[in-house]
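# Results of the structural survey
So you can see what is in the structure, the chains are spelled out below.
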Amino acid sequence: MPTPAAPTLESVALRAGVSRATAGRVLAGYGRVSEAAREAVLRAASELSYVPNQAARSLVTRRSGSVALVVVEPVERFFADSYFPLVLSGAQAELADREVQLVLVVLSTQRERERFERYARSGHVDGAILVSVHGPDPLPQHLRDAGIPVVMSGRPYEESSTVPFVSADNVGGARTATRHLLERGCRRVVTVTGPMDMRVGQERLEGFRTELRAQRHRFSAAMVADGDFTVDGGRRATEELLARRPDLDGVFAANDLMAAGVLQALAAAGRAVPDRVRVVGFDDAPLAAAATPPLTTVRQPVVQMGRELARMLLALVDGRPVSGHVVAATELVERATS
């Protein structure tokens with residue numbers, strides 16, 4: 001028995017009662033057609049189980065139907081930090097609504113960077129969401145120079161950058177965390193910072209410093225230890241702070257992974273939390289509620305930020321104007337460490 005012929009664009013157009021060109025525009029997702037024609041074409045395509053030929057569609061639209069989410073970190077960091085999967089989850093949900101494929105790329109080495117740039121310039125993706133970019137990284141500009149739309153998770157390191165971005169209110173969130181420690185009676189507060197080659201690290205330190213001064217507390221470099229957004233980094237930084245300021249009674253960690261390291265170091269030093277030292281993190285990562293004791297933290301809406309990054313990128317791909325940035329509000333989540 002012969003295999004039935006696969007449905008074609010012509011057969012979809014015939015069933016829908018429209019021209020081949022109109023059916024093509026509807027299924028390619030571009031151009032103007034009436035709502036009635038659009039519904040007729042989509043209904044006909046569904047009834048016939050028609051699947052567009054992506055290669056032919058790309059020739060017409062000059063689009064791949066894919067965008068990349070690019071994490072500029074070692075692979076181990078990607079799997080250790082829930083921030084990245086949460087951004088991915090939000091972006092994926094938004095792109096799925098538009099039937100756009102998400103390509104995940106983790107760049108750990110220079111060779112991987114060069115390979116991705118070649119891949120992107122070859123037309124395999126229509127745009128890129130860049131996450132965890134450090135310092136004056138040339139990658140965003142390289143992609144833009146190649147005509148590839150780019151958005152960034154987090155404020156760009158260089159203030160002169162015009163790359164659109166989505167960020168949490170890092171300064172405001174850090175001020176809230178610091179104020180909470182002071183209101184709980186802490187008088188010798190310290191902070192474990194994020195990487196200083198990222199604006200997120202700079203901004204959360206700025207919020208800590210600004211709130212101390214607003215509350216008429218002295219700020220000094222002895223109150224600060226550099227971290228790297230990892231558990232080990234938080235533990236090492238806290239050990240350094242305990243050696244420098246053994247009477248500390250409050251710690252603001254610039255993310256929850258480092259806050260977990262803070263709790264480890266304090267437990268090893270016999271400093272009970274929250275009886276002798278109060279701790280606040282940032283992110284409200286899944287581990288925060290599961291920590292021992294459960295972690296007070298500043299919540300940022302990471303999944304929603306991922307969706308906003310995808311919406312912003314799709315607007316750029318479509319040639320629509322976008323605002324230069326979106327800054328998401330944060331809120332304090334009080335648990336047992338404070």
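Notes on the structure follow. (Residues numbered from 1 in each chain as written. Predicted model: local features only at pLDDT ≥ 70, side-chain atom pairs only at ≥ 80, totals over all residues. Heavy atoms only, no water.)

### As for the sheet that holds strand S7 (residues 224-226)
Note: strands within a sheet are paired through backbone hydrogen bonds, in either parallel or antiparallel orientation. Rule in force here: A strand pair is defined by DSSP finding two or more bridges across the two strands. Numbered from the N terminus, helices here are DSSP runs of H or I no shorter than four residues, and strands are runs of E no shorter than two. Angular values range over 0 to 180 degrees, each being the angle between N-to-C directions of two axes fitted as lines to C-alpha atoms, with helices fitted over their stretch in contact. Working rule for contacts: check all heavy atoms of both residues, and any pair within 4.5 Å makes them a contact.
Taken together, 6 strands build an open sheet; the order of strands is S7-S6-S8-S9-S10-S12 and the sheet is mixed. At either end of the open sheet lies a strand with only one pairing partner, and these are S7 and strand S12 (331-333). Taking each pair of neighbouring strands and ignoring which way they run, the sheet shows an average axis angle of 20 degrees. Where strand S6 (residues 189-193) and strand S8 (residues 250-253) come together, 4 bridges link them in parallel fashion. What sits directly across from Val192, in S8, is Ala253. Contacts between helix H12 (residues 256-268) and the sheet are confined to S6, S8, strand S9 (278-283) and strand S10 (296-299), with S9 contributing the most and set at about 160 degrees to the helix.

### Topic: helix H7 (residues 110-121)
Definition in use: Expected helix span is given by 1.5 Å per residue-to-residue step, counting one fewer step than there are residues. When a residue's accessible area, from a 1.4 Å probe over protein chains only, is under 20% of the maximum for its type it is buried; when over 50% it is exposed; and in between it is partly exposed. The directions from the helix axis to the C-beta atoms are what the arc is built from.
Compared with an ideal rise of 1.5 Å per residue, which puts 12 residues at 16 Å, H7 spans 17 Å between its outermost C-alpha atoms and is within 8% of the ideal. All of the buried residues along H7 are Arg113, Phe116, Glu117 and Ala120. The buried residues of H7 occupy an angular sector of 100 degrees when the element is viewed end-on, so they sit on one face. Summarising the contacts, the buried residues of H7 are in contact with strand S1 (66-71), strand S2 (101-106) and helix H8 (139-145). Trailing H7 by a residue or two, Gly123 shows a phi angle of about 90 degrees, which is positive.

### Things to note about the nonpolar core
Using the following cut-off: The definition of a nonpolar core used throughout is a set of buried Ala, Val, Leu, Ile, Met, Phe, Trp, Tyr and Cys residues joined through side-chain atoms within 4.5 Å.
By size, the foremost hydrophobic cluster in this structure holds 40 residues, and its most contacted members are Val189, Phe208, Leu248, Val251, Leu266 and Val279. Looking at this core, the elements that each hand over two or more residues are helix H9 (170-183), S6, helix H10 (199-214), S7, helix H11 (231-244), S8, H12 and S9. Per-element tally for this core: the top contributor is H12, with 5 residues. Aside from chain neighbours lying at most four places away, what touches Val251 is Leu181, Val190, Val192, Val262, Val277, Arg278, Val279 and Val280.

### Topic: the pattern of salt bridges
What counts here: Throughout this description, the term salt bridge denotes a Lys or Arg side-chain nitrogen within 4 Å of a carboxyl oxygen of Asp or Glu.
Applying the stated criterion across every chain yields a total of 27 salt bridges. Close ionic contact of Glu334 with Arg184 constitutes a salt bridge, the shortest N to O distance being 2.6 Å. Of this pair, Glu334 sits in the segment after S12 while Arg184 sits in the loop between H9 and S6; the two residues are 150 residues apart in sequence, bridging distant segments of the chain. The structure contains a network of salt bridges with shared partners spanning Glu94, Asp97, Arg307, Glu308 and Arg311.

### Quick notes on the sheet that holds strand S3 (residues 128-131)
Read from one edge to the other, the open sheet built from 6 strands follows the order S2-S1-S3-S4-S5-S11, with strand pairing classed as parallel. The open sheet has two free edges, formed respectively by S2 and strand S11 (325-328), since each of these has just one partner strand. Going across the sheet, the axis of each strand differs from the next one's by a mean of 20 degrees, ignoring polarity. Looking at chain direction, S3 and strand S4 (residues 150-153) are connected through 4 bridges and run parallel. Across the sheet, residue Leu130 finds its bridge partner in S4, namely Met152. Of the strands in this sheet, S1, S2, S3 and S4 are in contact with helix H6 (residues 83-97), which crosses S1 at around 170 degrees.

### A few points about the packing of aromatic side chains
Selection criterion: Each Phe, Tyr or Trp ring, with Trp reduced to its six-membered ring, pairs with another whose centre is within 6.5 Å; inter-plane angles below 30 degrees give stacked pairs, above 60 give edge-to-face pairs, and intermediate values give tilted ones. Cation placement over rings: the criterion is NZ of Lys or CZ of Arg within 6 Å of the ring centroid and within 35° of the ring normal.
One pass over the full model with this rule turns up 4 aromatic pairs. With centroids separated by 5.2 Å and ring planes inclined at 85 degrees, the aromatic side chains of Phe78 and Phe79 adopt a geometry described as edge-to-face. Given the relative accessible area of 68%, Phe79 is considered exposed. Ring centres of Phe78 and Phe84 lie 6.1 Å apart, and the angle between their planes is 15 degrees; this geometry places the pair in the stacked category. Across the pair, Phe84 and Phe78 agree in class, each one buried. Cluster of aromatic residues (ring-pair linked, three or more members): Phe78, Phe79, Tyr83 and Phe84. The residue whose ring lies beneath Arg204 is Phe282, and the NZ or CZ to ring-centre distance is 3.6 Å. In this arrangement the basic side chain of Arg209 is found over the ring face of Phe219, its NZ or CZ atom lying 5.5 Å from the centre.

### As for unusual backbone geometry
Omega for the peptide link from Val273 to Pro274 comes to 5 degrees, which places this bond in the cis form. Within the secondary structure, Pro274 sits in the loop between H12 and S9. In this chain, Thr292 is followed by Pro293 through a cis amide linkage whose omega measures -5 degrees. Within the fold, Pro293 resides in the loop between helix H13 (286-290) and S10. A positive phi angle, near 55 degrees, is found at Glu99, a position not held by glycine. Within the secondary structure, Glu99 sits in the loop between H6 and S2. The phi dihedral of Arg216 is positive, around 60 degrees, even though this residue is not glycine. With respect to the helices and strands, Arg216 occurs in the loop between H10 and S7.

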